[in-house]
Amino acid sequence: MIKFLQGNEACVEGALMAGMRFYSGYPITPSTEIAELSAERLPKVGGKFIQMEDEISGIAAAIGASLTGKKAMTATSGPGFSLKQENIGYAALAEVPLVIVNVQRGGPSTGLPTSPGQGDVMQARWGTHGDHPIICLTPDSVTETFYLTIRAFNLAEKYRVPVILLTDEITGHMREKIDIPDPSEIEIYNRKRPETGDVYHPYGVEPGEIVPRMADFGSGFRYHVTGLMHDETGFPSNSTENARKLMDRLMAKTVTYRDDIIDYEALYTEDADWLILAYGGMSRSARAAVKVLRQKGHSVGLFRPISLWPFPEEALSALAGKVKGILVTELNYGQIKLEVERIACGRCPVEFLGRGNGEVITPEMLIETFEEVAK
Amino acid sequence: MNHPLAESYFRMDKLPHIWCPGCSHGIIMASIARAIDRLGLDKDNVCIVSGIGCSSRAPGYMDFNTLHTTHGRALAFATGVKLANPKLEVIVISGDGDLSAIGGNHLIHAARRNIGLTTICFNNNIYGMTGGQYSPTTPTGDKATTAPYGNIDKPFDITKLAIGAGATYAAKVTAFHVTQMDKYIESAIAHKGFSLVEAIAVCPTYYGRKNRKGSAVEMMTWLKDHYIDFKVAEKLPPEKREGKELMGEFINVDAPEYTALYDALIDRLKD
């Protein structure tokens with residue numbers, strides 16, 4: 001079905017198709033449309049929407065709902081993402097599937113509430129205290145917002161990891177044509193649940209499986225969930241050996257299964273001797289710039305991480321060994337640039353064009369910078 | 001031989017609990033189990049949610065669906081559990097600091113919504129887990145590790161706070177008055193809207209020692225001598241009410257419950 005939607009609306013359409021039946025959140029610009037549309041749509045499909053008293057309870061209620069077996073989502077922006085961090089860590093340690101949408105705006109603090117920014121990319125990776133696994137996906141269009149929201153739910157269910165859908169004010173508020181597929185065309189992953197009668201170890205992984213099976217609260221498996229380090233039974237344990245085992249297993253999720261999680265777009269990279277690296281809303285300018293630059297005779301490609309975390313490290317590393325340089329562009333002061341420098345590891349120069357004033361970097365600005373650095 | 005109530009409702013392999021000798025928390029936890037038993041609830045349909053603190057360790061010992069959350073957020077997690085699955089009987093265990101300081105916002109809003117959660121506040125007037133700092137219910141003038149010269153804060157009355165915010169059931173009781181506690185917790189769980197039982201507890205280790213309140217027995221005796229039912233107090237002459245603390249069932253009214261209202265909304269949209 002062809003529709004003309006905002007990115008934020010496409011996010012809700014994707015979430016519903018993925019099976020979202022619970023949304024809890026708090027109003028904040030520029031993500032509010034996600035809450036508004038969820039409020040309208042969820043009760044019509046027997047789902048639940050609740051506007052909580054603050055951002056913290058917005059994610060807390062979603063975690064509670066997920067424990068009863070519902071697919072749950074919360075959405076926020078800027079300051080709200082900061083407030084949600086503690087419970088993102090809870091979901092990571094307690095392995096509660098959950099989708100957190102962050103429609104990035106200009107920061108820090110209240111910053112620029114109605115303008116785009118990409119200053120939360122490192123917070124998306126390391127925002128909560130302590131080491132933890134996280135998956136973060138970032139779309140560059142309305143259509144991709146729809147599909148990545150579905151993917152976010154699928155990955156959350158499959159790996160029992162909180163998944164952050166990191167959009168920005170550009171993709172969130174932009175309207176584009178979108179062809180919404182029939183649900184039968186969409187692959188949906190549902191968390192594995194224990195079978196009735198099983199001896200249930202809520203944090204023990206069955207042989208040949210990826211993560212522990214997850215029982216719904218109320219389904220007859222009375223188990224304990226805690227944000228303390230716990231053993232396979234789910235109960236707290238102070239054992240350092242146990243903590244090592246648990247942390248190793250959690251941290252391995254996005255490493256062992258990275259090939260299933262990592263996603264990126266490589267455009268004109270086969271023959272490229274330069275790369276422009278951009279992601280999310282900024283890749284729209286970068287794509288336009290790359291096309292113009294190629295018309296002008298530059299052998300340049302676009303590398304666009306779609307999963308920011310885990311980062312498409314191996315693919316970028318292979319390219320970094322071949323190209324003369326990489327120009328990173330992002331709406332911040334160089335957060336992903338650091339990651340690219342780490343991966344390039346001195347094999348090619350990493351140039352940078354960024355800003356954090358709420359303005360988009362235009363294709364013209366990128367073309368000008370590229371022609372300066374790639375002389 | 002173990003008590004049959006313990007065998008039925010507790011995870012025996014997780015006991016003994018971590019609480020100090022003389023702590024009231026075990027008394028309140030047992031009262032919750034007795035209330036569940038008398039109501040004949042199916043253990044599979046009971047969910048106990050807590051935050052962080054001494055009292056919040058209780059769910060680990062109790063054989064239900066149990067959720068030990070982040071500091072202050074028990075009611076917020078519980079709101080999600082209850083709204084997502086209203087068939088669950090959701091009971092929140094929270095200390096005075098957890099519930100009325102860091103979690104105060106969730107308390108007033110859960111009460112305002114009249115969502116069918118039962119909150120049992122284990123109020124021992126102190127932060128025990130962190131070693132004896134003053135909480136929002138530490139009486140003015142009392143000492144704590146962070147109030148070495150006496151607390152200048154004015155304390156909350158958590159029961160009144162909940163009533164003011166819209167709780168449709170609220171009672172206050174002490175760890176000494178166990179018969180009343182059993183009755184109030186049973187009524188609170190059976191109640192259809194937001195209910196709160198504030199259970200005044202003693203912390204001989206931190207609050208008691210810091211304020212020279214004597215042994216656990218002396219502290220319990222103080223509760224016995226100073227707390228009277230507000231209905232009894234109303235009949236006493238002013239001189240006999242002097243220095244008394246009031247307890248009892250302060251409110252018990254029917255009002256539409258939140259998750260039922262939401263389910264009605266879903267039904268309405270089907271037409």
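Residues numbered from 1 in each chain as written. Chains lettered and ligands numbered in written order. Predicted model: local features only at pLDDT ≥ 70, side-chain atom pairs only at ≥ 80, totals over all residues. Heavy atoms only, no water.

For chain B, the count of helices and strands is twelve helices and ten strands. Overall size of chain B, expressed as C-alpha extent along the three principal axes, is 65 × 45 × 35 Å. Counting every position in chain B, which comprises 271 residues, the buried fraction comes to 56%. In chain B, the share of contacts with a sequence separation of at least 24, taken over all contacts with a separation of at least 6, comes to 68%. Total accessible area computed for chain B in this model is approximately 11400 Å², and 55% of it derives from carbon and sulfur atoms. For chain B, the separation between the mean place of its 29 positive charges and that of its 28 negative charges on side chains is 4 Å. (Helix = DSSP H or I, 4+ residues; strand = E, 2+ residues; numbered from the N terminus. Buried < 20%, exposed > 50% of the residue type's maximum accessible area, 1.4 Å probe, protein only. Contact = heavy atoms within 4.5 Å. Areas by Shrake-Rupley, 256 points an atom, 1.4 Å probe, with all protein chains shown as cover. Lys, Arg positive; Asp, Glu negative; His and termini not counted. Charge placed at Lys NZ, Arg CZ, Asp CG, Glu CD.)

Attention shifts here to the sheet that holds strand β4 (residues 117–123) of chain B. Strand pairing in a sheet relies on backbone hydrogen bonds, with the paired strands running either antiparallel or parallel. Taken in spatial order, the nine strands of this open sheet run β10(A)-β2(B)-β1(B)-β3(B)-β4(B)-β8(B)-β7(B)-β10(B)-β9(B), and their pairing is mixed. Each of the sheet's edge strands pairs with one partner strand only, and the pair in question is β10 (224–226) of chain A together with β9 (227–229) of chain B. The mean angle between the axes of side-by-side strands here comes to 20 degrees, regardless of whether they run parallel or antiparallel. Contacts from helix α4 (residues 78–94) of chain A reach β10 of chain A together with β2 (65–68) of chain B, with the element oriented near 135 degrees to β10 of chain A. (Pairing = 2+ DSSP bridges. Axes fitted to C-alpha atoms, helices over the stretch in contact; angles between N-to-C directions.)

Taken residue by residue, the interface counts 39 residues in chain B and 39 residues in chain A. When chain B packs against chain A, the two sides together hide about 3100 Å² of surface, and 60% of this comes from carbon and sulfur. In this structure, the connection of chain B to chain A is made through four salt bridges. A salt bridge links Glu53 of chain A to Arg113 of chain B, with the shortest nitrogen-to-oxygen separation between them at 2.6 Å. Here chain B is connected to chain A by 18 residue pairs in polar contact (both at pLDDT 80 or more). Listing elements by their share of the side of chain B that touches chain A, those giving two or more residues are β2, α3 (74–84), α5 (104–113) and α12 (258–270) of chain B. Looking at the side of chain B that touches chain A element by element, the count peaks at seven residues for α3 of chain B. For the side of chain B that touches chain A, the class distribution of residues is 16 nonpolar, 14 polar and nine charged. In terms of strand pairing, β10 of chain A meets β2 of chain B through three bridges, oriented parallel. (Buried area = accessible area lost by both parts, 1.4 Å probe. Salt bridge = Lys/Arg side-chain N within 4 Å of Asp/Glu carboxyl O. Polar contact = N/O pair within 3.5 Å; in protein donor to acceptor, adjacent residues only side chain to side chain. Nonpolar A, V, L, I, M, F, W, Y, C, P; charged D, E, K, R; others polar.)

Counting residues in hydrophobic clusters, the biggest one holds 124 residues, and the most contacted among them are Met73 and Ile326 of chain A together with Phe194 of chain B. At nine residues, the largest contribution of residues to this core is made by helix α6 (residues 142–159) of chain A. Each of domain 1 (2–185) and domain 2 (264–373) of chain A gives at least three residues to this core. Not counting chain neighbours up to four residues away, the residues in contact with Phe194 of chain B comprise Leu75, Leu107, Ala110, Ala111, Asn114, Ile115, Gly116, Leu117, Thr119, Ala167, Thr168 and Tyr169 of chain B. Residues Met29, Ala58, Met62 and Val173 of chain B belong to the second largest nonpolar core, which totals 33 residues. (Core = buried A, V, L, I, M, F, W, Y, C linked by side-chain atoms within 4.5 Å. Domains from an automatic or database assignment.)

Let us now look at the environment of Gly281 of chain A. Residues and elements named next belong to chain A. Relative to the assigned elements, Gly281 resides in the loop between β12 (274–277) and α10 (282–295). Between the C-alpha atom of Gly281 and that of Glu169, which follows or precedes it by 112 residues, the distance is 8.0 Å. Not counting the four nearest positions on each side in its chain, Gly281 is found in contact with Gln118, Pro139, Asp168, Ile170 and Thr171.

The next subject is the side chain of Asp98 of chain B. All names here are of chain B. Its location among the elements puts Asp98 in helix α4 (residues 96–102). Buried and unpaired, Asp98 has no salt bridge, with Arg73 as the nearest side chain of opposite charge at 7.6 Å. If sequence neighbours within four positions are ignored, Asp98 has contacts with Gly51, Ile52, Ser56, Thr70, His71, Gly72 and Gly103.

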